[in-house]
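Breakdown of the fold
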Amino acid sequence: MRKIDAVALPDNLVHEQLQDRVAVVIDILRATTTIVNAMEQGAKNIVPVASVDSARILAQDNPDSILCGERGGIKPEGFILGNSPFEYSRKVVDGKSCILTTTNGTRALRMSEDAAQVVVGSLRNLDALCDWIKTDGRNVVLVCSGTDRRVSLEDCIGAGLIIDRLGYAATDSAALMYHAMHSAVNRFDGVRFAIESSSHAKRLINLGFAQDVQFACEIGVSLTVPLFDSGVGEIHLD
Ligand code: MLT
């Protein structure tokens, strides 16, 4: 039987968890949701970068690309786009390369790059993602990005939903996320309300991004499964 493992933070990964596995990076609020949407809206590729300074330098060397990202949820000075999925419309990103740096999500992507394949997971592409994993055939590790190096409820709920859909043999930490997801969803009467109860969702709502939270909670509406090619450092479609 195929196996599924999970970490609540990328900092918890040990090399063996990535070896020969598909790593699904999850940052429901908002990086991986935004990446899925940007690719769906026709972005040529996305280059995840760990720091704001490296992103600025890369954008200077690639003047046709779009400099995107956030710190503290807000677009850094001089950036073209922030991290709201609504900013990534077809009109803006179609055919473009996006250089993206976010506090946790792009960091988790880079920390997963020793996996056989890194895939971008969100609630929006949940069904297409699970179909992709089933077809791929390898064992899986789910990498929750967390928020400021702390475990985040929304990413654990996302991981729990993937574990639920796949039905693979779960490690203890994957089983914990599966049970936590069911418990939170029952307690709050639905995925959206459970996610809205998270501290990150509350912070985003206070910053005026309530629509982003709602968008991130729409399950299975996207067929887009972005893949991170760590060799070239780009996220693209198949
Ligand atoms: C991150 O990568 O930390 C997030 O996507 C933060 C955000 O909500 O913009």
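Presented here is an overview of the structure given in this document.

Thresholds applied
Residues numbered from 1 in each chain as written. Predicted model: local features only at pLDDT ≥ 70, side-chain atom pairs only at ≥ 80, totals over all residues. Heavy atoms only, no water. Near = heavy atom within 4 Å. Polar contact = N/O pair within 3.5 Å; in protein donor to acceptor, adjacent residues only side chain to side chain. Nonpolar A, V, L, I, M, F, W, Y, C, P; charged D, E, K, R; others polar. Phe/Tyr/Trp six-rings, centres within 6.5 Å; stacked < 30°, edge-to-face > 60°. Helix = DSSP H or I, 4+ residues; strand = E, 2+ residues; numbered from the N terminus. Lys NZ or Arg CZ within 6 Å of the ring centre and 35° of its normal.

**Remarks on the site of the ligand**
Taken together, Asp27, Leu29, Arg30, Ala31, Glu70, Asn83, Thr102, Thr103, Asn104, Gly105, His200 and Leu204 make up the full set of residues near the ligand. Within the backbone of Ala31, an N or O atom sits 3.0 Å from an oxygen atom of the ligand. Taking Asn104, its side chain carries an N or O atom lying 2.5 Å from an oxygen atom of the ligand. Here the residues of the shell around the ligand sort into three nonpolar, six polar and three charged.

**A look at the packing of aromatic side chains**
All chains considered together, the criterion is met by one aromatic pair. Between Phe86 and Phe215, the aromatic rings sit 4.9 Å apart at their centres with planes inclined by 55°, giving tilted as the arrangement. Taken as a pair, Phe86 in the loop between strand 4 (66–69) and helix 4 (90–93) and Phe215 in helix 11 (residues 210–216) lie far apart in primary sequence, 129 residues in all. Above the plane of the ring of Phe209 lies Arg30, whose end atom (NZ or CZ) is 4.4 Å from the centre. Stacked on the ring of Phe188, the Lys or Arg Arg187 has its end atom at 4.6 Å from the ring centre.

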